[in-house]
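Observations on chain architecture
Spelled out from the first residue to the last, the chains are:
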Amino acid sequence: MNVKEAIEKLNLNILVEGDLGRDITDCYIGDLLSWVMGRAGEDSIWLTVMGNINSIAVATLADVSCIVLVENASLDDEAKAKASAHGVTILQSEENSYHLATKIYELLK
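The structure contained in this document is the topic of the report that follows. (Residues numbered from 1 in each chain as written. Predicted model: local features only at pLDDT ≥ 70, side-chain atom pairs only at ≥ 80, totals over all residues. Heavy atoms only, no water.)

1. Section: the side chain of Asn2
By the secondary structure assignment, Asn2 is in the segment before α1 (3-10). Given the relative accessible area of 18%, Asn2 is considered buried. Within the local environment of Asn2, its side chain forms a polar contact with the backbone nitrogen of Lys4, the two atoms lying 3.1 Å apart. Once residues lying within four places of it in the same chain are set aside, the contact partners of Asn2 are Leu20, Gly21, Arg22, Asp23 and Ile24. (Helix = DSSP H or I, 4+ residues; strand = E, 2+ residues; numbered from the N terminus. Buried < 20%, exposed > 50% of the residue type's maximum accessible area, 1.4 Å probe, protein only. Polar contact = N/O pair within 3.5 Å; in protein donor to acceptor, adjacent residues only side chain to side chain. Contact = heavy atoms within 4.5 Å.)

So, in structure tokens, the structure goes:
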């Protein structure tokens, strides 16, 4: 599955558009940025509530496919600008991490 397919199948809102053709091979859930940085796999879809500039740095270092802000968490203006500059796709969902992750699991198997 790629990011564009995830947006369509999971009813996600685009906050910052990066490479929508990028593959998604796994899902990672986490809000402790130092933990995510060392554990999120490359090409993962990252589910979090952290919509700040530090999340963009972590997404870039971990090389995730995209960030999904769950439970309609907000993205601050500084983070939005940084994500745009670095081509990091930021999406948003009204669902919580658990419910969204179960749907992602079904799509990836």
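There's more to say after this.
2. What to know about the sheet that holds strand β1 (residues 13-16)
The strands that make up a sheet pair up through hydrogen bonds in the backbone, lying either parallel or antiparallel. Across the sheet, five strands lie side by side as β1-β5-β4-β3-β2; this open sheet has mixed pairing. Both outer strands of the open sheet, β1 and β2 (26-29), are each paired with one neighbouring strand and no more. Neighbouring strand axes in the sheet, compared pairwise and without regard to direction, differ in orientation by 30 degrees on average. Direction of pairing for strand β3 (residues 44-48) relative to strand β4 (residues 66-69): parallel, over a ladder of four bridges. Following the sheet pairing, Thr48 is matched in β4 by Leu69. (Pairing = 2+ DSSP bridges. Axes fitted to C-alpha atoms, helices over the stretch in contact; angles between N-to-C directions.)

Everything listed is a geometric property; what it means functionally is a separate question.
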